[in-house]
Amino acid sequence: GGGIRSLNVALRQLLDLYVCLRPVRWFSGVPSPVKHPELVDMVIFRENTEDLYAQIEYMCTETVAQSVKMISVAGSKRIARAAFEYAKKHGRKKVTAVHKANIMKIADGLFLRCCQEVAQEYPDIEFGDNIVDNQCMQLVMRWKNYDILVLPNLYGDIISDLSAGMMGGLGVAPGANYGTKCALF
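Quick summary incoming for the structure in this document. This one's a predicted model, so the numbers in the text were calculated from it and none came from an experiment. (Residues numbered from 1 in each chain as written. Predicted model: local features only at pLDDT ≥ 70, side-chain atom pairs only at ≥ 80, totals over all residues. Heavy atoms only, no water.)

1. What to know about the pairing of strand β2 (residues 41-47)
For clarity, the cut-off: Accessibility here uses a 1.4 Å probe with only protein chains present; expressed as a share of the type maximum, an area under 20% marks a residue as buried, one over 50% as exposed, and anything in between as partly exposed. The secondary structure listing takes helices from DSSP runs of H or I that are at least 4 residues long and strands from runs of E that are at least 2 residues long, numbered from the N terminus. When DSSP locates at least two bridges between a pair of strands, those strands are taken to pair.
For β2, the buried fraction is high: six of the seven residues fall into the buried class. Inspection of the sheet shows strand β1 (residues 19-25) paired to β2 by seven bridges, in the antiparallel sense. Counterpart to Pro 23 in the pairing with β2 is Val 43. Strand direction decides the pairing type here: β2 and strand β7 (residues 148-151), joined by four bridges, are parallel.

In structure tokens, the structure reads:
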């Protein structure tokens, strides 16, 4: 709850590393709680520069803190487009946008609408959406139904850790952060 600004977040913002790409695959010999983990083949696209990770926070009063959830059209469309382009290039069949637009109607509603608009540019790729808490349950129970997930920053962080746990832990989870000008692996 204190200290300096996250260096990871600062680097992602400074270098505009807007995509956190996390393949979800099992490595032979790694214990997994999933039955038949060798069948899991999913990719997570986490928007990396906005949402609550923009770190816009302040104290409203001495007893009330507030964080700003920043979601933009530009940020939402470019992460959605990155997910769809990946799907197109790698022969993936479905992109699922993960959100909480039922509660955060403005911010997450904007993210969902942007994903829906981008999906119309890719008619050959199936598009769906899911509420983040239900998505967690679905990944545990019906992970075979998912191919590519696209998420705002906070949900992407949580879902990528959940998915890493399905495959044996964060220590074996591959990933990369990239933008239009550079990448960090």
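2. A short note on the side chain of Ser 160
Worth spelling out the cut-off: Here a polar contact means two N or O atoms within 3.5 Å. Within protein one must be a hydrogen donor candidate and the other an acceptor candidate, and residues neighboring in sequence count only if both atoms are side-chain atoms. Residue contacts are defined here by distance: any two heavy atoms, one from each residue, within 4.5 Å place the two residues in contact.
Looking at the element boundaries, Ser 160 is found in helix α5 (residues 153-167). Taking the relative accessible area as the measure of exposure, Ser 160 reaches 3% and is therefore buried. A polar side-chain atom of Ser 160 sits 2.8 Å from the main-chain carbonyl oxygen of Gly 156. Ser 160 has contacts with Arg 22 and Ile 44, leaving out every residue within four places of it along the chain.

3. Notes on the environment of Gly 168
In this structure, Gly 168 sits in the loop between α5 and β8 (176-178). Judged by its relative accessible area of 39%, Gly 168 is partly exposed. Between the alpha carbons of Gly 168 and Trp 26 there is a distance of 7.7 Å; along the sequence they are 142 residues apart. Apart from the residues within four sequence positions on either side, Gly 168 is in contact with Val 30 and Pro 31.

4. Observations regarding the pattern of salt bridges
Put simply, the rule reads: By salt bridge we mean one thing: a side-chain nitrogen of Lys or Arg within 4 Å of a carboxyl oxygen of Asp or Glu.
Applying the stated criterion across every chain, the model contains 10 salt bridges. Between Asp 147 and Arg 92 there is a salt bridge, with the nearest N and O atoms lying 2.5 Å from each other. Linking Asp 147 in the loop between α4 (132-142) and β7 with Arg 92 in the loop between α2 (73-89) and β5 (94-99), this pair joins segments that are 55 residues apart in sequence. This pair shows no difference in class: Asp 147 is buried, exactly as Arg 92 is. Among the salt bridges present, the one from Asp 133 reaches Lys 100, with a minimum N-O distance of 3.1 Å. Taken together, the positions of Asp 133 in helix α4 and Lys 100 in the loop between β5 and α3 (107-119) put the pair 33 residues apart, joining distant regions of the chain. On the basis of relative accessible area, Asp 133 is assigned to the partly exposed category, the value being 46%. Sharing partners across several salt bridges, the network here consists of Arg 25, Asp 41, Arg 92 and Asp 147.

Nothing here speaks to function; it is geometry throughout.
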